[in-house]
Structure formats: structure tokens, C-alpha cells
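# Residue-level structure breakdown
Spelled out, the chains give:
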Amino acid sequence: MDISEHVYRLAIDFSQVKNIPPDPRQRLPYFQAFKKLLREEKEKIKSWHRSGTGGREIIQAHTSLIDEVIRHVLLSMTQLEVYAEAGVLEDFSLIAVGGYGRGELNPLSDIDLLFLLSARPQPLTETFIKDALSVIWGFDMEIGHSSRTIKDCIKLAREDLTIKTSMIETRFLIGNRSTYEKFYNSIHKNVLQKNVKQFLNSKLKEKYTRHGQEEGVVCHPEPDIKNGPGGLRDYHNALWATAARYGCHSLREINETHVLSQPEIESLYHSVDFSLRVRNELHYLTEKKTDVLTFDIQKQLAANLGYLSSTDGQPVEEFMRDYYLHATNIYNFSQNLFEHCRQPKRSLKKVISSLTKKSLGHGFHISDSSLIYEGDTKEDFKKDKSLLLTALELCRKHQVMPDYKLRRQIRLHKNLINAQFMKGAEVRDFLFPILEDNAAEKILRLMHETRILEQILPEFGLAHCRVNHDFYHHYTADEHSLRVIRFLDELVITSITNPTDLSALYRNHPAKGVLKLSALLQSARKMPNDKLAHQEFLQALTERLNLEEADAQTLQFFLDNPYTLIDTALHQDIHQPGVIQQFGNTVENLEKLK
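Computed from a prediction, not measured in an experiment: that's the story for all the values here. (Residues numbered from 1 in each chain as written. Predicted model: local features only at pLDDT ≥ 70, side-chain atom pairs only at ≥ 80, totals over all residues. Heavy atoms only, no water.)

## Re empty space enclosed by the protein
- Tallying each qualifying case throughout the model produces 2 cavities of 30 Å³ or more.
- Considering only enclosed or pocket space, the largest cavity measures out at about 60 Å³ in volume.
- If you go around the largest cavity, the residues you meet are Lys207, Asp234, Asn237, Ala238, Tyr331, Ser334, Gln335 and Phe338.
- It is helix H13 (residues 315–342) that provides the largest number of residues to the lining of the largest cavity, a total of 4 residues.
- The residue makeup of the lining of the largest cavity, split by class, is 3 nonpolar, 3 polar and 2 charged.
- Considered as a void within the structure, the second largest cavity measures approximately 30 Å³ in volume.
- Considering the residues around the second largest cavity, the lining is formed by His258, Val259, Asn336, His340, Tyr404, Lys405 and Arg408.
- The set of elements that each furnish at least two residues to the lining of the second largest cavity consists of H13 and helix H17 (404–412). (1 Å grid on protein atoms, 1.4 Å probe; cavity = no way out; pocket = protein on both sides within 12 Å on 5 of 7 lines; lining within 4 Å. Points joined across faces, edges and corners; volume = space filled by probe spheres on them. Helix = DSSP H or I, 4+ residues; strand = E, 2+ residues; numbered from the N terminus. Nonpolar A, V, L, I, M, F, W, Y, C, P; charged D, E, K, R; others polar.)

Okay, structure coming up:
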């Protein structure tokens, strides 16, 4: 097959449609011919997408298609006798705003236009705009539009957060370019560069309203690919924050490696491209503007995106794991960049920090309930790898979280913590005090989010964003494990009503650390039918963590029987003697049952 068959080239042949009839009552054949042309072009882009083309290339193709259609229509209308001598295109500037202005048109995304009028537009100009919109609507294109002067735009942008945000990313399409340039300069000078902190705080509040009460990316089994945690809107928020703080529209323009390095930018763009491709397919598959990956379409969506087979689980599980990995990447990078843009200038921040900080030694201090490192993390962490573990230990001891800078540096230097750096008793002595802590989940989640936990416990890394479509997992495997540990932590602070309560049993459990370790590991691997592989897994783990024999046996029991109790209680008849006998043989004694 000729590969050129699957490459879309924007070369629309408008000769297939005749000139616009002056009489609106005679435009039906024109509309029908133009709709046919649009369908053909959109089908070409769809075929290009289905051949495996990246998400960004497809949205750019859609954007270019709509650009050319709109320009063609307006230029064609200026040839009509009623407008031919009026010079209407010099009386306004047509601007793309919102996602369309950003150049991100998914197949069924909104197309938002701003007709930027001169201070005193001639009456015929308004007639021309109405006529142009009626023609575009005749093609069944859904257009959102507004007609305003520069003065109107500035006034409304100051009053309305949504309008202000839409003004950040605009593109000139056709008309009077000097009018657009005046608009662009006025908006940036009089709106975007004013009250930056208030704007960013408003966007932050808006973000938490969108995300709701759920804690993170993997807490949504049916994720919203646009508005959910790690969705495209998080990436957009980072872009808007960058525009407000630095006055630029591309992350590459920041050019400050202490904020975002080139490898981080490339990684972020790769994840955004994946999400855009998923959203493109979602629109094509459902034939409507939708953003939620519901259970009923995940399987077909995965197949259409090329997930046809899997060596480990179902293709749909592999697809959803990839989605969560990319969404987590978007969430982390976008959050870090947004937080950086929200911070006051260094001189002011340094004065405030010096007045409130609590020094902890090793270059660390606490300020505003955050752990901060005063030195050069890039150099210091390489010289003394233990500083990474010290940071985590200080967070646990003082019940604080690292600030956005330290969190980023821990993530970037995670590879310093490896099997050569920590072995045997060192791993055990660092990990078990955390597991035995009554707030273990918080520090383990921090370690997981910075990818340190996977370095210390690679077996848990296998569960990262892993999806299991089964009876036991509502969340991803790693999130499931962390929630089990949080449940155990909460048992300590739960009031006891009688000695048989779970809280009472847990308080008296002699191996709380091993119990939590088993929770981390239970989803890290499939329960193999191969007993030899199972034994090898446990033996390697026991040796690497330098576990005592009693702890190793307890861990083996937990890993061998993660669902025995719930299976017996919910899926078997406990009044049958055989069921009770089998359960007794598995548990062996009362201590294991507890």
C-alpha cells in the first residue's frame, strides 16, 4: 500500500462549489455542495487519524481546514455586488478565540469567533457579518461568535474570568490586521499583565471546583479527559499561567531550566499528544462532543487506537494504564509549573520566608507548612544521595509536604536511589518505620508520586497505574493498595466499641508493618498459578528486604490469601461443613485469622 494514501495534505479544491448566490433563497444547492466538500475533507483527516497519526497533527489539520473554509467564505462574499465596493473587511478583524484560537480543534470541538469591530463600524459591516454567519451555519458548522470593539473586550475581560481566559490565546484569521495588533497589545498591557496573582488564584479555585473531592488522576475509573485531574484543562491552565507570568504562549519560550527542563517539556508534550489522540478518537467513535471515557466505550476505543492484543491482561486494561500514566504526567508537570507562576518574586518571598521559617538542619527548613531546601538541589543531591531520604524522613516526622520545587527535584533525582545505594537492612530500616507509622499512607503516597517508592520497592512499581477490570478493583492497582493502607491508618484513630472491632484487632496486631507491606504488594503482580514462580518471587523479596523468617512467613500468608476471607464470605455457603473445613485448613490458626 502506498503510504501517501494515509497522509492528509491540506489542499482544498473550492472550485467544486460555485459562487455564493446573492439571493439567500437560492443558496440551498451551494450549501449542499459545500457540505459535501467538508464531509470529504473531514473523512480524509479521519482516515489519517485511524492510520496512527499523532493527536496534535490531527487537531492542526482540523484547525487549518476550518481556517480555510472561513476565509474562503468571507472573501467570496466580498465579491457579491452589495459588498464589492464597501471595503467591509477593513472595518473589522476576524479572530479565532478559545481552543480554536489555540489551534486545538478536535473533530467536534467548539469553533469560537470574535468579530473585532472598529470604533465606528459602518452599518453595512454588521449586515455582512450576519450574512457571513448565516452562510457558515448553512454548512451545519456550529459557530460561537461575538461582535465587540477593543474597548468592549477590555471591559468584559476585566469583569469575567472566562472571557479574560479566552483572550489569552487568539489568532488573526482575516480582515484588518492592524486592528488585531492593537487589540493584542491592549489586552496584554491592560488586562493580562494586571492582577496576575488574583487571576492565577481564581484559576486554581476553578481547577479544584472542576476536580471535585476526588484526590487524584487514578481515582476516576471513567475519567474526564478534558476537565478531570490530569486532563487537557490542567495543561491549558499551565499555558495560561505561563502567559500571565512570562508573557509567552509556549513552554519552550520560558527558557529557565530551574522551572522546566527540555526533557520535561518533551515528556509533557508527548503525554498531551496522547491525550489529544484519545480525544480525537472519542469524538469519532461517539460522533458527538464528549470527554468522558465511560466503561461502555473503553474497549472499542482501545481497539480503534491500536490496542488489539496484550501480553499481560486485556488490551483495554493496557490502554487505560497508558492513559493514566500520561494523565499523571500532565497533572504533575502542569501543577509544578502553575505553582511556580503563582509564587511572588524572589526578593519578596525571601523576606517572608526568613520571618516564618523553622530550620531543621541539613539545609532544610519549614515555611508556610511546607518543607523547603535552601541549597542547590541539583548539585547537593548528587553529592549526598541520602538528602533525598532525609527530605522524606523530615516530611514524615514533622507531618509536612515538600514545596513544589523540592517535590520536583525529588522526582527528577529519583534514580539516585537504587539497589546499589540501598541494600538489605538499609531498605528495611528505612521502609518499615514508615509502614509502622500511623500516617503511613501520606508519606507512601508522596514517595509514590515522586517515584521514590518504586526505586526502593520495584515490585510495587509494577502496579503503577495498572488497571484490573475485576470484582476487587475500582481504582488502579497502586491506588487500591494505598487506600488499603489509609484504611489501616484510620483504624488507629477509630473509637473502639467492643473487642471484636477491626480497630481493636488492628491495634493489637503484632506485624502492622508486614501487613501494610503486603497491601503494597498484593496488586503488584498477578497471583501466579506457577508455585515455583511464586516461591522465587517471595524468596527474592525476602532476601532483598532482609526480612526475618517470621515476617517472611507472615508476608507469604498475606500474599497467598489476599481475597480468601471475602471470597468465602460473599461467594460460598459458609453453612457447608466442607467450606468451613477448607477455610480452616487455609487459615490454620486464630492468630492468622486476626
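From this point on, the discussion continues.
## Some details on the pattern of salt bridges
- Within this structure, the stated rule accounts for 26 salt bridges.
- We note a salt bridge from Glu281 to Arg50, for which the minimum N-O separation is 2.9 Å. With Glu281 in helix H11 (residues 262–286) and Arg50 in helix H1 (residues 28–50), this residue pair connects regions lying 231 residues apart in the sequence.
- Across the salt bridge formed by Arg71 and Glu68, the nearest N and O atoms sit 3.1 Å from each other. Residue Arg71 and its partner Glu68 are located together in helix H2 (residues 55–77), separated by 3 residues, close to a single helical turn.
- What makes Arg71 partly exposed here is its relative accessible area of 23%.
- On the basis of relative accessibility, which here comes to 32%, the residue Glu68 falls in the partly exposed class.
- Here the residues in one salt-bridge network are Glu441, Arg445, Glu479 and Arg483, joined through shared partners. (Salt bridge = Lys/Arg side-chain N within 4 Å of Asp/Glu carboxyl O. Buried < 20%, exposed > 50% of the residue type's maximum accessible area, 1.4 Å probe, protein only.)

## Looking at the sheet that holds strand S3 (residues 143–148)
- Reading across from one edge, S3-S2-S1-S4 is the order of the 4 strands in this open sheet, with mixed pairing throughout. Two strands close off the open sheet at either side, each with one partner strand: S3 and strand S4 (171–175). Averaged over all adjacent pairs, the angle separating strand axes in this sheet is 25°, with direction ignored.
- Across 4 bridges, strand S1 (residues 92–97) lies against S4 in antiparallel orientation. Along S4, the bridge assignment pairs Ile95 with Phe172.
- In this fold H2 packs onto S1, strand S2 (111–117) and S4, with an angle of close to 20° to the strand it touches most, S4.
- Packed on one face of the sheet, helix H5 (residues 123–138) meets S1, S2 and S3 and runs near 175° to S3. (Pairing = 2+ DSSP bridges. Axes fitted to C-alpha atoms, helices over the stretch in contact; angles between N-to-C directions. Contact = heavy atoms within 4.5 Å.)

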